[in-house]
Each structure stands twice: as C-alpha cells, then as structure tokens.
2 protein chains.
Amino acid sequence: MLKLSERGSSMPASPIRKLVPYAEAAKKKGLEVFHLNIGQPDIKTPEVGLKALKNLNIKTIEYSHSAGLQEYRKGLAKYYKSININVSYEDILITTGGSEAIIFAFLATMNPDDEVIIPEPFYTNYNGFANQAGVKIIPVTSYIENDFALPPIEDFEKLITAKTKAILVCNPNNPTGYLYSKEEIIKLKELITKHNLYLFSDEVYREFCYDGQTHYSAMELEGVDDNIVLFDSVSKRYSECGVRIGALVTRNKDIINTALKYAQARLSPPFLGQVVGQESLKAGKEYFDEVYSEYIERRNYVINALNKIKDIYAPMPKGAFYSILRLPIEDAEHFCIWLLEEFSYKNATVMLAPAGGFYSTKGAGKNEVRIAYVLEKEKLKKSVKIIEEALKVYKH
Amino acid sequence: MLKLSERGSSMPASPIRKLVPYAEAAKKKGLEVFHLNIGQPDIKTPEVGLKALKNLNIKTIEYSHSAGLQEYRKGLAKYYKSININVSYEDILITTGGSEAIIFAFLATMNPDDEVIIPEPFYTNYNGFANQAGVKIIPVTSYIENDFALPPIEDFEKLITAKTKAILVCNPNNPTGYLYSKEEIIKLKELITKHNLYLFSDEVYREFCYDGQTHYSAMELEGVDDNIVLFDSVSKRYSECGVRIGALVTRNKDIINTALKYAQARLSPPFLGQVVGQESLKAGKEYFDEVYSEYIERRNYVINALNKIKDIYAPMPKGAFYSILRLPIEDAEHFCIWLLEEFSYKNATVMLAPAGGFYSTKGAGKNEVRIAYVLEKEKLKKSVKIIEEALKVYKH
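Residues numbered from 1 in each chain as written. Chains lettered and ligands numbered in written order. Predicted model: local features only at pLDDT ≥ 70, side-chain atom pairs only at ≥ 80, totals over all residues. Heavy atoms only, no water.

Student: Teacher, can you tell me more about the interface of chain A and chain B here?
Tutor: A common way to express how large an interface is: the accessible area buried when the components associate. Taken together, the 80 residues of chain A in the interface contact 78 residues of chain B. At the boundary of chain A with chain B, total buried surface from both sides reaches about 6200 Å², with 54% on carbon and sulfur atoms. When residues of chain A are sorted by the area they lose upon contact with chain B, Leu2, Arg7 and Ile61 of chain A head the list and together hold 12% of the total. On the surface where chain A and chain B come into contact, there are 41 residue pairs in polar contact (both at pLDDT 80 or more). For the side of chain A that touches chain B, the secondary structure elements donating two or more residues are helix H1 (6-10), helix H3 (47-54), helix H5 (97-109), helix H6 (125-133), helix H9 (253-265) and helix H10 (271-280) of chain A. For the side of chain A that touches chain B, the element with the highest residue contribution is H9 of chain A, accounting for nine residues. In terms of residue class, the side of chain A that touches chain B is built from 38 nonpolar, 26 polar and 16 charged. (Contact = heavy atoms within 4.5 Å. Buried area = accessible area lost by both parts, 1.4 Å probe. Polar contact = N/O pair within 3.5 Å; in protein donor to acceptor, adjacent residues only side chain to side chain. Helix = DSSP H or I, 4+ residues; strand = E, 2+ residues; numbered from the N terminus. Nonpolar A, V, L, I, M, F, W, Y, C, P; charged D, E, K, R; others polar.)

Student: I would appreciate a short explanation of the relation of the copies chain A and chain B in the present structure.
Tutor: Both copies of the chain are tied together by a single rotation about an axis and a shift running along it. When chain A is brought onto chain B, the operation consists of a screw motion whose angular component is 180° and whose axial shift is 0.0 Å, with 0.0 Å RMSD remaining. Read as a symmetry element, the transformation amounts to a two-fold axis. Residue Lys54 of chain A of chain A places its C-alpha closer to the rotation axis than any other residue of that unit, at 2.2 Å. Residue by residue, 98% of the interface of chain A is reproduced at the interface of chain B, so both copies engage with the same surface. (Least-squares fit on C-alpha atoms with pLDDT ≥ 70 in both.)

Student: What exactly am I supposed to notice about the environment of Ile303 of chain A here?
Tutor: Residue and element names in this part refer to chain A. Take Ile303: it is sitting in helix H11 (residues 285-308). Residue classification places Ile303 among the buried positions, given a relative accessible area of 0%. In this structure, the C-alpha to C-alpha distance between Ile303 and Val384, residues 81 residues apart in sequence, is 9.4 Å. (Buried < 20%, exposed > 50% of the residue type's maximum accessible area, 1.4 Å probe, protein only.)

Student: Sorry, what's going on with the sheet that holds strand E9 (residues 322-326) of chain A here?
Tutor: Hydrogen bonding along the main chain pairs the strands of a sheet, whether they run parallel or antiparallel. The antiparallel open sheet is built from three strands, whose spatial order is E9-E12-E11 (chain A). On the outer flanks of this sheet lie E9 and strand E11 (353-354) of chain A, each paired with one strand and no other. (Pairing = 2+ DSSP bridges.)

Student: What is the right way to read the packing of H5 of chain A against H6 of chain A from this model?
Tutor: When two helices pack together, their arrangement is given by the angle between their axes and by how far apart the axes lie. Residue and element names in this part refer to chain A. The geometry of H5 relative to H6 is characterised by a closest axis approach of 10 Å and an angle of 40° between their N-to-C directions. As far as their axial angle goes, H6 and H5 are oblique. In the packing of H5 onto H6, the handedness of the crossing is right-handed. Between H5, through Ser99, Ile102, Ile103, Phe106 and Leu107, and H6, the contact on the second element is made entirely by Tyr126, Phe129, Ala130, Gln132 and Ala133. (Axes fitted to C-alpha atoms, helices over the stretch in contact; angles between N-to-C directions. Parallel < 35°, antiparallel > 145°, perpendicular 65-115°, else oblique. Left-handed = near helix turned anticlockwise from the far one by under 90°.)

Student: What am I meant to see in helix H4 (residues 70-82) of chain A here?
Tutor: Owing to its 3.6 residues per turn, the α-helix aligns residues three or four sequence positions apart on the same side. All names here are of chain A. When the terminal C-alpha atoms of H4 are compared, their 19 Å separation across 13 residues agrees well with the 18 Å that a helix rising 1.5 Å per residue should span. Along H4, the residues classified as buried are Tyr72, Arg73, Leu76, Ala77, Tyr79 and Tyr80. Angular distribution of buried residues about the axis of H4 spans 160°; they occupy a single face of the element. Projecting away from the buried face of H4 at angles above 90 degrees are the exposed residues Glu71, Lys78 and Ser82. Where H4 is buried, its residues contact strand E2 (92-95), strand E7 (228-233), strand E8 (246-249) and H10. Of the residues trailing H4, Asn84 is marked for its positive phi of about 75°. (Expected span 1.5 Å × (residues − 1). Arc of directions from axis to C-beta.)

Here you go:
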C-alpha cells in the first residue's frame, strides 16, 4: 500500500475549510453570504502598480535574480529608511509572498524539532510553515481580557528549553488587531538577548496603525542585528495579494546568505509581481490616506456596533484589519456552521472564522471568532445586524 | 552565540555560484562572456501571453484559489488531454514554479530521512529541495558512454531500502538531454509496482523532443494511477521563466488533497503568472514550430561542431536543450574558472557549468561540463571556437 508521509497526513487544513461547503450550500439556497472570515481586501491596488503591467515592454518574461530585482530591492531599502528601518538592499531578499520568507527563516535557523514560541492566538498558516520545516510551535497565550497584549515575559521564560531557537511575533497582529508597543518590543529584546534567541517579526500590516499610534519595528532595536529577521509583504500594504511578493529582511549575513541558497534552488521570485511591487512604492501619501480613512471608518463602525450587542466583547484593534470577538456562546465552530446552515436574516447570513483555529492550546478561544473588516461599510452594517439577530435565536 | 541550523549550513550553493565572481571579473576586464551555463532561453514568450497583461482589466490584484484559477486548470486539463494525458482539472494543482510541485510531493509522500532514487547526473536544484524537505537523494549513475540512457533496473534495485519511497526522473533530461523511451518508462513502472514506490516525473521539457521522437509521459502508464506524480512548468514551454507557474498533476487524491493543504498555507500561486500561462495555452502550432526549428538548428550546429573538436564527446540530445560534454581535461571546474580568469579569444570567453555539480557520487563527471544551447547560433559559433582554441592551450 502506498502511504502518505506522517507530516503530510498531519498537515492541518485551514480552519475555515470545514465551513466552506456550508457557505457554498448557503449560496446555492440563494442566500447572500457576507465574508467576515477572510483577509482579501476590496481596496484598490495603486494605479501606478497596475499601469506598470500595461507599460511592460518586454519580449520574454525572464527569471529575475534569485534575491529579486536589484532596483526593487534598492527601492525597498529606501522605503524602509523612510520608516526608520536602516537597511541596505543587500539585507533584503525578495520572496514569493511573506510565507516564503517565514519558511526560509525557519530552514536557515532551526533544525527539525526545534521550537519557536508564538503568542496565541496566531495566524493559522504558521502551523503549515512549521509542519513544512519540521519545527514546533510553542504557544504562549495572550488573552482577550487585556486585548491580547504581549504575555508577561515570565510566561515566555517558562516555555524556553534547549530546543527553543526563536520568538515569533506578528505586529500589528493578525488575528487580534493588537499593536505591540515600543516597550513590549524592548522587553522582547531583553528576552532574546538573555536567552540567545532569534526574534522573527512579521510586520506585513505595518501601514495599518490607528488612533495616532506609531509602529515600532523590531528592526529598530539596537545591538541585536544578528537576532532579528523581518517578514514583509506587499499583499496588504498595496492590496495586491495576488502578486505573491514578500521579503525577508535581516542584517544577519549568515541568514541572508543561507536564505539565498534556498532562493537559488527555486530560481527566482515572480518577475511580474516584482514589477508591480516596485512601481507601487511610488504610491503617494494620498493612496495611504484614502486606505486609512476607509479602514478606520470600517473599524470604528463595526467594533462599536458589535460591542453594543449584548454580551459581545470586541477589543478595539490598534492595527491591521482584524478583531477577535468573544460571543455569548459555547462553541464558536458550531455557531459559525449554524449561521451558514440554519440561519438567515433578510435572505443573507455571515461567514465568521471560529477562533479556536488560531490557538494551539486545546479548547482555547472556544467562544471567540475572528472577523476581518475588509468589506465596505454597508455590508458590515448588514453583517452586524445578522449577528445580532442570530444571537437572539441561537440556542447553545 | 547565534547559530544557523545544520540543514541551513549544509544547504548546497548552486555549483555555478563559485564561478560567478570570475565571470563578473571577466566582464569588468571588457571581455564578452557567452553564457552556455544557464537555461534562460532567449526565445520570445507567446504574444497572446504578453497581451493578456496589457488587456488585464482589474482594480485589485487578488489571491487566486490556492489550487490555482479554475479556468486555467481546466485549460491545462484540455492541453494534457491533447498530448494523451487524461486528467481532470481536479487532478491539477497550480504551483509556484515546478519547484514548488517537487517540494509539495516530497512533503506529502516522504518522511524526513526517507529516500528518493534519481539517475545522476541530475538537475542540481533537486539537492536544495531535498534539503528543504529533509529527504535523501540516492543517485543511480547513468553514463555518457551510452548517452545517459536509463541505468539498468538492477542498479536501481540494489539501492532500494526500507526508506526508499520514490524514483524521480526528469524526462527529457536536464542536464543530459536524454529522452527516455516508452520501453524505459515501462521498466520503471514494473519497478515501482514491484517495490510499491512513487514515480515522480519531471516533464517540464516535454515540448522539446527532436528527430521525430515522441515523448512518452509517465502519466500514460496504466494501472499505476496512485503511484505517479507529474511535475510541470510553463517556464521553458512558453519561454516565460519569470512567471513562476508550474503544476503538480496526479490522479492520487490523497496526494492532491495533501498538497492542497500546503498550498493553502501559502494562500495562492502568483495570479499574474497564471493569467499569462492561461493565455499562452492559446499559442498555436506556429509558435512551437518556430521554437522547434530554432532549437534544432542550434542543437545540430553546436553538438556537431563540438564533436568535431579533438577528444570532445557530446551525446546528441534527443530532448530539452542541454548536453553534457566530455572534455580532454582532468578537472572541469578548474577549466571553467581558467576560461573566465585567464583565457580569451577575440576578446571573448565562455562560461560553462562543471558537470560535477550534477552528480551526487563524489568525483563523478569530473571531466564533463553541461552546456545549454539557448543562445542564438552566432553566439554558439563563437563559443565553440573559443572552446576549441582554449583546449589547444589549456595545460591540465
């Protein structure tokens, strides 16, 4: 008998996947389904980026350099400098999405069975990358009661073993919307210095910080150049998820050189996406202002409206475009399926992501869901109303 | 002290990499360097593919489905049917280059330390993918004396252990240009059936078969649906290496479903590349006829001319656009560096790939180099002349 590998068999499916057939069935019944479960923004890609494709004057779509187009890397270095991250283009490796940057960093710094500590709830696809690299995620729990702030450093320290190689944070955070403060990042610096660890910082939502808060990047920390690896992506920044362009950024030459070897094996990041990413760097302040005001309006509306519903608690996100909601229910997965399968209001329903999938600790987040507020306000309004009406009749 | 991982430290660099500084120095000295070392074709991408980018009418570059655009997968299924590979679009997962298809197949079917047997010399990047997946490549040597035909099945059988999970062949072969016959593929079928193994077939050069030979795909084998995984890519077929679009094709539902989970973790293959790939399917017979006649002319010229040089032997490739040459020298790497560092003829020199890097067996292929005949004929002519003159004065 032919068998799958053990890792293949144990590779986790997306926690949303179980819900997809229910959503499809709901649509087949004629219901409108509002997708609060996904992070695909409806925001426009910068026009300069799209125009670059129309203006492309080439006869052959060739490989780019394995580390990415030099001009693009130089443009990115300039962008980073503008936000107080001083790196040269040689500290930047263009990757196929932010996901490849994460995998390359895991491969370069961690042996199979080594451990990376990540505050939970966390972006579920980290589980997939860990499976792929054969490393273990050790969760340190953050709590909705204090809006998912960084867990106390002692909680991290209790989890450190000889196998621990790194801490990974996502800042601003998907799925919680929490923005780590400068003070929290400095605490992490002390932790990694004391225990000789890498700090992986996933900052793909950097541009989405609200209420006058500023983003403090792990790359701004001083004296720990060799410890820090930044994961970045243009997907959310310029609403161009489909280009699959990210970056691994580090001043640690050993890591860059090793990541480059993995990059050479796959030859080249996508050329067309790099062209769009490079030109998108020219998107001006107006672009971000427009995006910002769109998101802040959506956030303010949806979070305030949800908190007005009896027994719902939703922390006000300081960044990204997600929030975790605590609902007056026992089993969020059951509720989410029920919403799709049995409930509708004015011929519509909502798809939510049960938050359990964002926790490693079994049973954690069972009465929580994640929402992405990437839909236009009118749809958000309808979605909130649906949730409100649903909770009135849901019996669990 | 922060350390790299063991796999990171042992990740092989591209065998060409050592030569790159010498090539750069040669160019700085003002020499023209003819790159026979790389597989970046100068052939044009189909115009329909390029036009698709200009005609793209979207506001947001969104993720595609993790398995790829359904319309593209359906188009591919039709293409496969036209070449006698009967698959449905559900047997096809669009990957980021052929390389991702290989990694997904390794992950899905092999545990760390499991073994895959590959005829050597083989495409060096397989080493990188094996490192990434933590699996071992066991080489079975093929020989230039019989033009790198499939090694005897007994040679494979001697290498099979409890850890052996798969055989991997590249057909037509990079780096040898060998095209496996239907009889050879059927022998492999008997082998995998007898020993319960997977057969991974890398067929990215399928369209490049010469002298009236036809390609027999492993996917045409009957009764072994669950054993076969096909790796494909549009890079060479349509000369669009930079789009990074490949495919994993198998009728084994367990593998497709598992590969899809890895695909979901990275969200989506490049959208723009898929658009180009999809439209390129419309490239007509004229396109391939033109490409074919270009390559066959180059091949015939360069292989015949090289074989006329004293003590050079180059098998006449039946497919792809590579050949391995046996040279009257002792150490090909030394010769290749010497060509760049110390030799020139009419203010030009050539960059060749030492073949040692394509073998796993230590010392094998030491007097061999790989060439890619992807340059236009005039450059090939000059290159041959340079090699001829170089061998007259080279002293090792």
